[in-house]
Amino acid sequence: MTRLFGNPRIFVLMICLLILAVLPYVATLLQQEFLYRVGTRIMIYAIAAVSLDLILGFGGMVSFGHAVFIGLGGYSIGILSHYGITNGFLQFAVAIAGCAIFAGLTGAICLRTGGLYFIMITLAFSQMLYYLGIGLEEFGGDDGFRVENSVFFPGFSLGNRLILYYVTFVVLVGVLIGLSIMVNSRFGMVLRGSYSNERRMKAIGFPTYRYKLVAYILAGAICGVAGGLFVNLMNFMTPAYMHWEQSGDLLVMIIVGGVATLFGGVVGSAVWVLSEIFMPILIDIVWPGMGTNWKLVFGPLLILIVLYFKRGIFGSIPDRWKGGHAAASTSGGHH
Amino acid sequence: MTWTLFLEHTLNGLQYGVFLFLVSAGLTLVFGIMNMVNLAHGSLYMIGAYAAAWMFQLTGSFFLALAFALPFALIAGMLIEITTLRTLYTRDHLDQVLATFGMILFFNQLMIVIFGGGSQMIDMPSFLRGQLEFIPGIPYPSFRLAVIGVGILVAIGLFIIITRTRIGMLIRAGASNRSMLNALGVNVRRLYTIVFGFGALLAGLAGTMAGPLSSVEPGMGESILILAFVCIVIGGIGSIRGAFVASIIVGLVEIYGRSTLKLALVEVLGQEAGQTAAPALASMSIYILMAFILFFKPQGLFPARTG
């Protein structure tokens, strides 16, 4: 039976995806409608986190400004719908293209630097767009503005929460499959190689800069889709979606789930969204009235996770069955 | 813009730059010497400001507040270093970013729990409340002048300490080869703790002086922290001189940007849109400047020649 699944990780992954697949049904059954929103939110953050894991876990690019693409994707769709263009295909095409172009331009500059400089310059670019968003008086500035839902076909609108849920689900699964094929392809190997030893990769003759830039653009474009889905969920766009804390949150999701595992981003996103909802409730039980201050607990918890639980939840699951042979690696393997 | 207005903006820019320097000096020292990204530095700025606000509300004296806030920030910094950050020195930047991000979440929330979400007040000392006309025709708030003065004194003091004293020599030695210094019998761990505490003290000083000019509130550390990071990156990480030059540049760009852009944008976009857009675009201009500088000099203006 266990041989059916390549390794424990794939087993867990399948179960998680199965849960996500039937969640709307369960929500209707239990009449807990808010589960729709929770599930969609988890999956949208998951798409963003997984895209960040591509460059962070496999390319070693610690971007501290990844949420900028959530904002850029969101603004693309919000602004188009503001002017009455609600065609989903067009909207998402613009969002993807916009994010890819921005990633290409900024990535070309960011990747000239490395280490701390890379962290800070990605942060700086995201701050730049954040302030641009605040300056857009036409689109509510600081307060944001209402966004109509994308319509793909007549009657197929992301305003329908079931459609939005499954579109997000399909995008997430597609991203996971696509990226796991990619990180194990030649391209992915070069990317991982330039993370573990860039000088050596250059010496063999690989233009590592170009490979990293392509990965950076791809990650930005994927995250832009997440942003587009996010404004469809919230029906609202504000610069706050690309605040630097959002970028920090995405990093937190990856580290909680497990760096360089791709699916760890999904686990981390679920943990993040669920702690946002349930931690206040739990804390209120232990210490009434302190629930709103859940970050007082989450902050130190995060420090402990970083210090002592670096592999993350999904990363701690062994990638082979006990006593079995090593399965084809789905993990990044850079430690 | 008239000549006097220009001078006034220059002074405002200088004052803002000096603030940035006080925060970024600690940041760049910690990074240059310990190779450590410390996002919690902004929290130390906030802790200093809150300590000062608490003391001020108790006694009503700015100087007592300052005298309380400085050692408080110093000790808080050392405690943070000893309990948590010390273990992070050998980790990669991602771990450092995330762990100190956790600290930010914690401290911001802690301040909300202790003091509430509202802002706290610190008044400036009475003898600095007026205006001084040290350039004929341009009256300028004395307190802001004092801030500029303190900042410049700190910059000179730091420069002397780093280049002329024994501890400065140890700091530089620790930056270039930590294990060698350790082998020579210097207690590098203690040195790091001292340097960290000193950086915290400077952040606390900046926080206290920010009290009378802006509000003391949760999250006040982050906006200045990000700008301070911009300064140390532009200046070249680890370089005090770079941090100083970059801080002044960033301060001036921000203030000039705000004032001139406002005039220009109000012309183009109309009163209301211009009023909103100008500060946002001025803030943007700093990041554009940073991208521009890093494009040509990926290591910043004054790359520190340390290992």
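The numbering scheme is per chain: residues are counted from 1 as the chain's sequence reads. Lettering of chains starts at A and numbering of ligands starts at 1, both following the order in which they are written. Local features in this predicted model are restricted to residues of pLDDT 70 or higher, and side-chain atom pairs are both shown and tallied only at a pLDDT of 80 or more, whereas totals for entire chains, interfaces and linings draw on every residue. Side-chain numbers here rest on the full set of heavy atoms in the structure, without hydrogens or water.

For chain B, the helix and strand inventory stands at 11 helices and 2 strands. Ordered by position from N to C terminus, the α and β elements of chain B give α-α-α-α-β-β-α-α-α-α-α-α-α. The atom set for the radius of gyration is the C-alpha atoms, and the globule formula is 2.2 Å times the number of residues raised to the power 0.38. Relative to the globule expectation of 19 Å for 307 residues, the C-alpha radius of gyration of chain B, 20 Å, shows essentially globular dimensions. On the principal axes, the C-alpha backbone points of chain B span a range of 65 × 50 × 35 Å. A total of 307 residues make up chain B; the buried ones form 55% of that total. Here, residues are in contact when the closest pair of their heavy atoms is within 4.5 Å. Nonlocal contacts in chain B, meaning residues at least 24 apart in sequence, comprise 77% of its contacts between residues at least 6 apart. Note on conventions: DSSP H or I runs of at least 4 residues are helices, E runs of at least 2 residues are strands, and numbering of each starts at the N terminus. Note on exposure labels: buried denotes an accessible area under 20% of the residue type's maximum, exposed denotes more than 50%, and partly exposed covers the range between, all computed with a 1.4 Å probe on protein chains only.

Attention now goes to the side chain of Ser76(A). Residues and elements named next belong to chain A. Topologically, Ser-76 is positioned in helix 3 (residues 67–82). At 2.6 Å, the side chain of Ser-76 forms a polar contact with the backbone oxygen of Leu-72. Apart from the residues within four sequence positions on either side, Ser-76 is in contact with Val-94 and Ala-95. Contacts described as polar in this section are N or O atom pairs within 3.5 Å, which, within protein, must combine one atom able to donate a hydrogen with one able to accept it, while residues neighboring in sequence count only if both atoms come from side chains.

So, about the pattern of salt bridges. Residues and elements named next belong to chain A. Just to be clear on terms, a salt bridge is a Lys or Arg side-chain nitrogen sitting within 4 Å of an Asp or Glu carboxyl oxygen. For the structure shown, the criterion picks out 9 salt bridges over all chains. Two residues, Glu-276 and Arg-41, come together in a salt bridge whose shortest N-O distance is 3.9 Å. Taken together, the residues span a long stretch of sequence, with Glu-276 in helix 11 (residues 263–286) and Arg-41 in helix 2 (residues 34–58) at a distance of 235 residues. Judged by relative accessible area, which is 30%, Glu-276 ranks as partly exposed. Residue classification places Arg-41 among the partly exposed positions, given a relative accessible area of 22%. Here Lys-212 ties to Glu-198 by a salt bridge, and the two come within 3.1 Å at their closest N and O atoms. Placement of Lys-212 in helix 9 (residues 208–234) and of Glu-198 in helix 8 (residues 198–204) is noted, with a sequence separation of 14 residues between them.

Turning to the state of the cysteines, a few remarks are in order. The term disulfide is used for any two cysteine sulfur atoms that are within 2.5 Å. Summed over all chains, the structure comprises 0 disulfides over all chains. Between Cys231(B), a free cysteine, and Cys110(A), which holds the nearest cysteine sulfur, the sulfur-to-sulfur gap is 18 Å. By relative accessible area, Cys231(B) is classed as buried at 0%.

Here we come to the interface of chain B and chain A. Taken residue by residue, the interface counts 48 residues in chain B and 43 residues in chain A. Here the quantity called buried area is the total loss of accessible area, with a 1.4 Å probe, experienced by two parts when brought into contact, counted for both. For the pair chain B and chain A, the summed buried surface comes to about 4100 Å²; carbon and sulfur atoms form 79% of the total. Across the salt bridge formed by Asp95(B) and Lys310(A), the nearest N and O atoms sit 3.0 Å from each other. Inspection of the region where chain B meets chain A yields 7 residue pairs in polar contact (both at pLDDT 80 or more). Within the residue set of the side of chain B that touches chain A, elements represented by two or more residues are helix 4 (93–115), helix 9 (220–235) and helix 11 (271–296) of chain B. Of all the elements, helix 4 of chain B adds the most residues to the side of chain B that touches chain A, at 16 residues. For this scheme, ten residues count as nonpolar: Ala, Val, Leu, Ile, Met, Phe, Trp, Tyr, Cys and Pro. Four count as charged, namely Asp, Glu, Lys and Arg, and the remainder, Gly too, count as polar. The class makeup of the residues in the side of chain B that touches chain A is 33 nonpolar, 10 polar and 5 charged.

Let us look at the packing of helix 1 (residues 3–34) of chain B against helix 8 (residues 188–213) of chain B. All names here are of chain B. Remark: helix 1 packs on helix 8, axes separated minimally by 9 Å, with the N-to-C direction vectors making an angle of 165 degrees. Put simply, helix 1 runs roughly antiparallel to helix 8. Note that helix 1 runs across helix 8; the crossing there is left-handed. Residues Gln-15, Phe-19, Leu-22, Val-23, Ala-25, Gly-26, Leu-29, Val-30, Ile-33 and Met-34 of helix 1 pack against Tyr-192, Val-195, Phe-196, Gly-199, Leu-202, Ala-203, Leu-205, Ala-206, Met-209, Ala-210 and Leu-213 of helix 8. Its residues placed into classes, the contact of helix 1 with helix 8 shows 18 nonpolar, 3 polar and no charged. For helices, the fitted line uses only the C-alpha atoms of the stretch in contact; every axis is such a line through C-alpha atoms, and the angle between N-to-C directions lies from 0 to 180 degrees. Orientation is classified from the angle alone, with under 35 degrees giving roughly parallel, over 145 giving roughly antiparallel, 65 to 115 giving roughly perpendicular, and any other angle giving oblique. Throughout, a crossing is termed right-handed when the near helix is turned clockwise from the far one, and left-handed when it is turned anticlockwise from it by less than a right angle.

This brings us to the confidence of the model for chain B. Residues and elements named next belong to chain B. Of the residues in chain B, 97% have a pLDDT of 70 or more, and the chain-wide mean is 86. The weakest mean pLDDT in chain B belongs to strand 1 (residues 131–135) at 76; the strongest belongs to helix 3 (residues 62–83) at 93. Reported for the predicted complex are a pTM of 0.90 and an ipTM of 0.86. A residue's pLDDT is simply how confident the predictor is in it, with values from 0 to 100.

On to the pairing of strand 1 of chain B, then. A pair of strands is considered paired only if DSSP assigns at least 2 bridges between the two. Note: strand 1 of chain B against strand 2 (residues 138–141) of chain B, 3 bridges, orientation antiparallel. Counterpart to Leu132(B) in the pairing with strand 2 of chain B is Tyr140(B).

Now for helix 3 of chain A. Each helix should span, by expectation, one fewer than its residue count multiplied by 1.5 Å. Its 16 residues place the ends of helix 3 of chain A 22 Å apart at the C-alpha level, agreeing with the 22 Å of an ideal helix rising 1.5 Å per residue. Buried residues dominate helix 3 of chain A, accounting for 14 of its 16 residues.

With respect to the helices and strands, the residue Leu14(B) is situated in helix 1. Apart from the residues lying within four places of it in its own chain, the contact partners of Leu14(B) are Ile148(B), Ile248(B) and Leu252(B).

With that settled, the discussion passes to a negative patch on the surface. What makes a patch is a set of residues exposed beyond 30% relative accessible area and free of salt bridges, joined within 9 Å when like-charged and within 5 Å when nonpolar (Val, Leu, Ile, Met, Phe, Trp, Tyr). A 1.4 Å probe and the Shrake-Rupley method give the accessible areas. Residues count as covered only by the protein chains that appear here. Working convention for charge: Lys and Arg count positive, Asp and Glu count negative, and His plus the chain ends are omitted. All charge positions are set by atom: Lys at NZ, Arg at CZ, Asp at CG, Glu at CD. Taken together, the side chains of Glu137(A), Glu138(A), Asp142(A) and Asp143(A) present a region of like negative charge at the surface. By the secondary structure assignment, Asp143(A) is in the loop between helix 5 (115–135) and strand 1 (145–146).

Note that Thr122(A) resides in helix 5. Given a relative accessible area of 3%, Thr122(A) falls into the buried group.

Let us look at the environment of Ala124(A). Its location among the elements puts Ala124(A) in helix 5. Counting along the chain gives 60 residues from Ala124(A) to Phe64(A), while the straight-line C-alpha distance between them is 8.8 Å. With sequence-adjacent residues up to four places away left out, Ala124(A) is seen in contact with Tyr287(B) and Met290(B).

Our next topic: the nonpolar core. In this description, a nonpolar core means a group of buried Ala, Val, Leu, Ile, Met, Phe, Trp, Tyr and Cys residues linked to one another through side-chain atoms lying within 4.5 Å. Met120(A), Leu229(A), Met34(B) and Met290(B) are the most contacted members of the largest nonpolar core, which totals 218 residues. Sorting elements by how many residues they give to this core places helix 2 of chain A first, with 17 residues.

Quick look at the pairing of strand 2 of chain B now. Alternating residues of strand 2 of chain B divide into Ile138(B) and Tyr140(B), all buried, and Pro139(B) and Pro141(B), none buried. The hairpin formed by strand 1 of chain B and strand 2 of chain B contains 2 residues between the paired strands, and Gly137(B) there has a positive phi angle of roughly 90 degrees.

With that out of the way, let us pick up the packing of aromatic side chains. Residue and element names in this part refer to chain B. Each Phe, Tyr or Trp ring (for Trp, its six-membered ring) is paired with any other whose centre lies within 6.5 Å, and the angle between the two planes then decides the class: stacked below 30 degrees, edge-to-face above 60, tilted in between. Counting across every chain of the model gives 37 aromatic pairs over all chains. For the pair Phe-6 and Tyr-256, a centre-to-centre distance of 5.4 Å together with 5 degrees between the ring planes defines the contact as stacked. With Phe-6 in helix 1 and Tyr-256 in helix 10 (residues 240–269), the pair connects residues that are 250 residues apart, well separated along the chain. Note on Phe-6: relative accessible area 33%, which makes it partly exposed. On the basis of an interplanar angle of 90 degrees and a centroid distance of 5.3 Å, the ring pair of Phe-295 and Phe-296 is categorised as edge-to-face. For Phe-296, a relative accessible area of 55% translates into the label exposed.

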